[in-house]
Amino acid sequence: MKNYEFESLEEGYPILLKDLIENGSKVSPRGIPTREFSPVSITIKNPRKRFIPSKVRKLNIGFMIAELLWILRGSNSVSEISHYNKNWANFSDDGVTLNGAYGDRIFKYNCGIRQLAVENDTEFMNVKINQFEEAYKLLKSDPDTRQATIVLFNPYYDYADTKDKPCTNLLRFKIRNNKLIMTTFMRSNDCNLGTPYDIFNFTMLQEIMAGLLGIDVGEYIHIVDSFHMYERDINWMTDVINENPELLYGKTYDYRLSSMNEFSQMLRTISKIEDITRTDKNVDLNFIDNEIKKIENLNWRSYAAIIAVYNFRKYRRKQNELDILKQNITNEYKQLIIERYNQLD
């Protein structure tokens, strides 16, 4: 196993790309020329430094945050996520849902039809489990537990014929030295298209869990059986390696929330903003601005504002409206949003 350890993803990402291009094994799954390391372990010592500020590999910040919210809602809806990245529609089996949606597996894991005791009788019921909440309960009741596990692979659905087999198999949490350590196990990870978004989402889950437990985040460990890059992307990724962008994190930002109630209220408010700005291109600016300001945590308020800016821009709303919404952005993405969404052209 190849092992890497970095302070941040922005520090480690060019190193990972360079090593993979120069030393990765040449394989061709599905006939596609690929460079691969198998397996790989990547440790991020400060998971709050989770974003890559590359101007060559420009991450879609609106999609990135929308996907996080989509996961946290436990959604598997194609329309909700393909609004931000139309390629997701290609992976749906029925045009309505996505088989491998992470949020659906984490917060509503389908255990199938089970026979359950109900009063003096039994009933057959479709059982779904909120694995995130169950992991939280384990960690809260026994801080030294080794059992806090979230499983994303579901043999019934994932050995079937489907366009969307989840790349992530399971998530593990443990508390050591009063910090929450998270380990992700993936069967496959495209270092160009997948890794930056996956590490963002999983470290956000880690930080949310840490906040609910009243502790700080520890290391994040990202283990991948097939860590790869398609050869068609080598020239593009070489430009990323040579870019040497200005580092984003002069300081880090705290996204922890202190209780399930605070987390639920925040998620309801920001999801309402996301839903309305995505589905109503003529929504009133003042209404959305006021809804954003209801979110007390400034970093999550910034996420809500970024989503609103993205959707206002997508619907060609006036530049002054975007500028008003952008005033709510105070987190690490402030300057990036100002630069990227400064003009509508």
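Residues numbered from 1 in each chain as written. Predicted model: local features only at pLDDT ≥ 70, side-chain atom pairs only at ≥ 80, totals over all residues. Heavy atoms only, no water.

1. Comments concerning the pattern of salt bridges
Definition in use: Salt bridges are defined by distance alone: a side-chain nitrogen of Lys or Arg within 4 Å of a carboxyl oxygen of Asp or Glu. Every helix listed is a DSSP run of H or I at least four residues long, and every strand listed is a run of E at least two residues long, numbered separately from the N terminus. Buried, partly exposed and exposed residues are distinguished by accessible area as a fraction of the type maximum, computed with a 1.4 Å probe on protein chains only: under 20%, between the cut-offs, and over 50%, respectively.
What the rule picks out here adds up to 23 salt bridges. Across the pair Asp-289 and Lys-293 runs a salt bridge, and its minimum N-O distance is 3.0 Å. In this pair, Asp-289 and Lys-293 are both assigned in helix H10 (residues 285-293), four residues apart and thus about one turn of the helix distant. According to the relative accessible area criterion, Asp-289 is buried, its value standing at 11%.

2. Re the layout of surface pockets
Rules: Whether a set of points on the 1 Å grid over the protein atoms alone is a cavity depends on a 1.4 Å probe fitting there but being unable to get out, while an open set qualifies as a pocket with protein on both sides within 12 Å along at least five of seven lines; lining residues are those with an atom within 4 Å of a point. Grid points are joined across faces, edges and corners, and a volume is the space filled by probe spheres set on the points.
If you add up the space inside the largest pocket, you get close to 1,300 Å³. Together, 41 residues line the largest pocket, and Phe-91, Cys-167, Asp-190, Leu-193 and Gly-194 are the ones closest to its centre. Looking at the lining of the largest pocket element by element, the count peaks at five residues for strand S9 (residues 179-190). The calculated volume of the second largest pocket comes to roughly 330 Å³. Lining the second largest pocket are twelve residues, and of these Pro-53, Lys-55, Gln-335, Leu-336 and Glu-339 lie nearest its centre.

3. Considerations on the pairing of strand S4 (residues 40-44)
The condition that has to hold: Two strands are said to pair when DSSP picks up at least two bridges between them.
Burial runs high along S4: five of the five residues are buried. Every second residue of S4 is oriented toward a common face, with Val-40, Ile-42 and Ile-44 on one face and Ser-41 and Thr-43 on the other, all of them buried. As judged from the five bridges shared by strand S1 (residues 2-6) and S4, these two strands associate in the parallel manner. In the sheet register, Glu-5 faces S4, and the bridge partner there is Thr-43. Pairing of S4 with strand S10 (residues 216-230), which is carried by five bridges, proceeds in the antiparallel orientation. Bridging from a neighbouring strand, Ile-42 pairs with His-222 of S10.

4. A look at the side chain of Asp-104
Note the threshold: By the convention used here, residues are in contact when the closest approach between their heavy atoms is within 4.5 Å.
Note on placement: Asp-104 falls in helix H4 (residues 102-107). Not counting chain neighbours up to four residues away, the residues in contact with Asp-104 comprise Gly-74, Ser-75, Asn-76 and Tyr-109.

5. Section: the nonpolar core
Threshold: Here the nonpolar core consists of buried residues drawn from Ala, Val, Leu, Ile, Met, Phe, Trp, Tyr and Cys, with membership extended through side-chain atoms lying within 4.5 Å.
Counting 99 residues, the largest nonpolar core has Ile-106, Phe-173, Trp-300, Tyr-303 and Tyr-333 as the members making the most contacts within it. With eleven residues, helix H7 (residues 195-213) is the single largest residue contributor to this core. Residues contacting Phe-173, with those up to four places away along its chain left out, are Ala-135, Leu-139, Ala-148, Ile-150, Leu-180, Ile-181, Met-182, Gln-206 and Met-209.

6. Some thoughts on the environment of Asp-142
Residue position: Asp-142 is located in the loop between helix H5 (131-141) and strand S7 (149-151). Under the relative-accessibility criterion, Asp-142 is labelled partly exposed at 37%.

7. Things to note about the packing of aromatic side chains
Short version of the rule: Geometry of aromatic contacts follows a simple scheme: Phe, Tyr and Trp rings, the Trp one being its six-membered ring, pair when their centres are within 6.5 Å, and the pair is stacked under 30 degrees between planes, edge-to-face over 60, tilted otherwise.
Across all of its chains, the model carries 15 aromatic pairs by this definition. Between Tyr-84 and Tyr-310, the aromatic rings sit 5.2 Å apart at their centres with planes inclined by 40°, giving tilted as the arrangement. Here the residue Tyr-84 occupies a position in the loop between helix H3 (78-82) and H4, and Tyr-310 occupies one in helix H11 (residues 298-314), the gap between them amounting to 226 residues. Overall, Tyr-310 belongs to the buried group, its relative accessible area being 13%.

8. Details of the packing of H10 against H11
This is how it is decided: Whenever a helix is involved, its axis is fitted only over the stretch in contact; in every case the axis is a line through C-alpha atoms, and angles between N-to-C directions fall within 0 to 180 degrees. Each angle receives one of four descriptions, namely roughly parallel if under 35 degrees, roughly antiparallel if over 145, roughly perpendicular if within 65 to 115, and oblique otherwise. Crossings are assigned a handedness: left-handed for a near helix turned anticlockwise from the far helix by less than a right angle, right-handed for a clockwise turn.
At a minimum axis distance of 9 Å, the contact between H10 and H11 shows a crossing angle of 160°. Comparing their axes, H11 and H10 come out roughly antiparallel. For the pair H10 and H11, the crossing hand works out as right-handed. Seen from H10, the contacting residues are Leu-285, Ile-288, Ile-292 and Lys-293; seen from H11, they are Arg-301, Ala-304, Ala-305, Ala-308 and Phe-312.

9. Considerations on a positive patch on the surface
Note the cut-off: The residues that make up patches have over 30% relative accessible area and no salt bridge, and they are joined within 9 Å when like-charged or within 5 Å when they are Val, Leu, Ile, Met, Phe, Trp or Tyr. Under the convention used here, a 1.4 Å probe and the Shrake-Rupley method define accessible areas, while residue burial counts only the protein chains that appear. His is not counted, nor are the chain ends, whereas Lys and Arg count as positive and Asp and Glu as negative. Working definition for charges: the position is that of NZ of Lys, CZ of Arg, CG of Asp or CD of Glu.
Residues Arg-30, Lys-165, Arg-187 and Arg-232 make up a contiguous surface patch of positive charge. On the basis of relative accessibility, which here comes to 33%, the residue Lys-165 falls in the partly exposed class.

10. Some words on the side chain of Thr-184
The condition is simple: Between N or O atoms, a polar contact is any pair within 3.5 Å; within protein, one atom must be a potential hydrogen donor and the other a potential acceptor, and residues adjacent in sequence are included only when both atoms are from side chains.
Relative to the helices and strands, Thr-184 is located in strand S9. A relative accessible area of 0% places Thr-184 in the buried class. Separated by 3.0 Å, the side chains of Thr-184 and Tyr-220 make a polar contact. Not counting the four nearest positions on each side in its chain, Thr-184 is found in contact with Thr-168, Leu-170, Leu-171, Phe-202, Tyr-220, Ile-221, His-222 and Ile-223.

11. Description of the environment of Leu-267
One can find Leu-267 in helix H9 (residues 260-279). Since its relative accessible area comes to 11%, Leu-267 is described here as buried. Taking the C-alpha atoms as reference points, Leu-267 and Leu-72, 195 residues apart in sequence, are found 7.7 Å from one another. Setting aside its immediate chain neighbours within four residues, Leu-267 contacts Leu-69, Leu-72 and Arg-73.

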